[in-house]
Structures are given as structure tokens and as C-alpha cells.
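# Secondary and tertiary structure notes
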Amino acid sequence: MFDKMADIGQQAVYKDRWKILRQLESDLKKFDKIFLVLGEEKLLDDFWELLCDLEVMKEKRQRVLVLASPKRRIGRDTSVMYRQITEGESKQLCSLYSMYEFSDRFQIVSGETRFYGSLFQLVDVGLLSLRESVSALLH
């Protein structure tokens, strides 16, 4: 009986992962860049503000999707879209990020630079400003 329940649980995880992968593939067709923001709400707020204000966004007219767990209100007219996801979906996307090659169009933004090497390590040591790092992510 326990084996049957374990199989059902594994099938549910597999279906969820498959659904998330299909959604990501669909989003990659619609958007030029997708950012999965992990961690604290302050990082999301700072990242969001810079994306909405950057001159690069206005020049390039990129379609950008930001995925994150915190709920937020979008009060501006912008080409940057926000989608709230669950913690479970966030973990599944991290797992997919590690398993598949998405080039530079799907990226993880995290304060935990130990786990995901990023431009934010350069921000942490003072070699880049946050604005410069976000601008570099969009190129």
C-alpha cells in the first residue's frame, strides 16, 4: 500500500514538473527574457524598480517576465510582466534550470550567490552597482 502511495506521489511530481516545463517553453516563445527571483521581497522590489526604470528597457523594447513567490501590485504601465508563483513551482523551476540549457533567456536572480554564480557577486563586492548588473542581464 505504501509503495502505491509513493508511486502516486512521484507521478504527481512528474506531472507538475512536466506542466511547469511546458509553461516555461511557452513563456520562452512569448518573452525575450525570463527572470526567476528567489529570496527576500526586498530583492524583488529593487530588481523590479530597476527593470521598470532602466533606459535599456525603453531602448530595446524587450518583453520581460519576472517570476517570484511574493504577491505584488503592478502600478505602472510597463513592458515588464510579473507572475506570482508558488514556492513549489519556484523549486521546480530551479530544478529545471539546473537540468536544461536555456541559454541566457531564462535566468535566476538570487541573493544567494553561493548557489547561483551571478553578476550579483560583483555587486556584493562593490565592483558593479545593482543598476549596472540588471542592465547587463538584459543584454
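None of these values were measured; they are calculated from a predicted model.

Right, let's talk about the sheet that holds strand β2 (residues 64-68) for a bit. Spatial strand order, β3-β2-β1-β4: four strands in an open sheet with parallel pairing. Two strands lie at the open edges of the sheet, namely β3 (80-84) and β4 (106-110), each paired on one side alone. Averaged over all pairs of adjacent strands, the angle between strand axes in this sheet comes to 25 degrees, irrespective of strand direction. Where strand β1 (residues 33-38) meets β2, four bridges bridge the pair, whose relative direction is parallel. Looking at the pairing, I34 lines up with L65 of β2.

Attention shifts here to the pairing of β2. Looking along a regular strand, one sees the side chains alternate between the two faces of the sheet. Summarising burial for β2: five of the five residues are buried, a large majority. Where burial is concerned, the two faces of β2 agree: the one with V64, V66 and A68 and the one with L65 and L67 are both buried. Inspection of the sheet shows β2 paired to β3 by five bridges, in the parallel sense. Bridge assignment links V66 to a residue of β3, and that residue is Y82.

Evaluation of the coordinates by the stated rule reveals three aromatic pairs. A ring pair is formed by W48 and Y82, whose centres lie 6.0 Å apart and whose planes are at 85 degrees; its orientation type is edge-to-face. With W48 in helix α2 (residues 41-53) and Y82 in strand β3, this pair connects stretches of sequence that are 34 residues apart. Judged by its relative accessible area of 4%, W48 falls in the buried class. Judged by its relative accessible area of 15%, Y82 is buried. Here Y97 and F106 contribute two aromatic rings whose centre-to-centre distance is 5.6 Å and whose plane-to-plane angle is 70 degrees, an arrangement assigned as edge-to-face. Overall, the relative accessible area of 31% leaves Y97 in the partly exposed class.

Quick look at α2 now. The terminal C-alpha atoms of α2 lie 18 Å apart, and with 13 residues this matches the ideal 18 Å at 1.5 Å per residue to within 8%. Among the residues of α2, L43, L44, F47, W48, L50, L51 and C52 are the ones counted as buried.

What follows concerns the pattern of salt bridges. Summed over all chains, the structure comprises four salt bridges. Put simply, R22 and E25 hold a salt bridge, and the shortest N to O gap is 2.2 Å. In this pair, R22 and E25 are both assigned in helix α1 (residues 2-30), three residues apart and thus about one turn of the helix distant. With a relative accessible area of 32%, E25 lands in the partly exposed category. With its nearest N and O atoms 2.9 Å apart, the salt bridge here joins K42 to D46. Of this pair, K42 and D46 both sit in helix α2, four residues apart, which is roughly one turn of that helix. Overall, K42 belongs to the exposed group, its relative accessible area being 51%. Assessed through its relative accessible area of 29%, D46 is described here as partly exposed.

Mapping S90 onto the fold places it in helix α4 (residues 87-99). Look past the residues within four positions of S90 in its chain and what remains in contact with it is L36, L38, S69 and I85.

Parameters at a glance
Residues numbered from 1 in each chain as written. Predicted model: local features only at pLDDT ≥ 70, side-chain atom pairs only at ≥ 80, totals over all residues. Heavy atoms only, no water. Pairing = 2+ DSSP bridges. Helix = DSSP H or I, 4+ residues; strand = E, 2+ residues; numbered from the N terminus. Axes fitted to C-alpha atoms, helices over the stretch in contact; angles between N-to-C directions. Buried < 20%, exposed > 50% of the residue type's maximum accessible area, 1.4 Å probe, protein only. Phe/Tyr/Trp six-rings, centres within 6.5 Å; stacked < 30°, edge-to-face > 60°. Expected span 1.5 Å × (residues − 1). Salt bridge = Lys/Arg side-chain N within 4 Å of Asp/Glu carboxyl O. Contact = heavy atoms within 4.5 Å.

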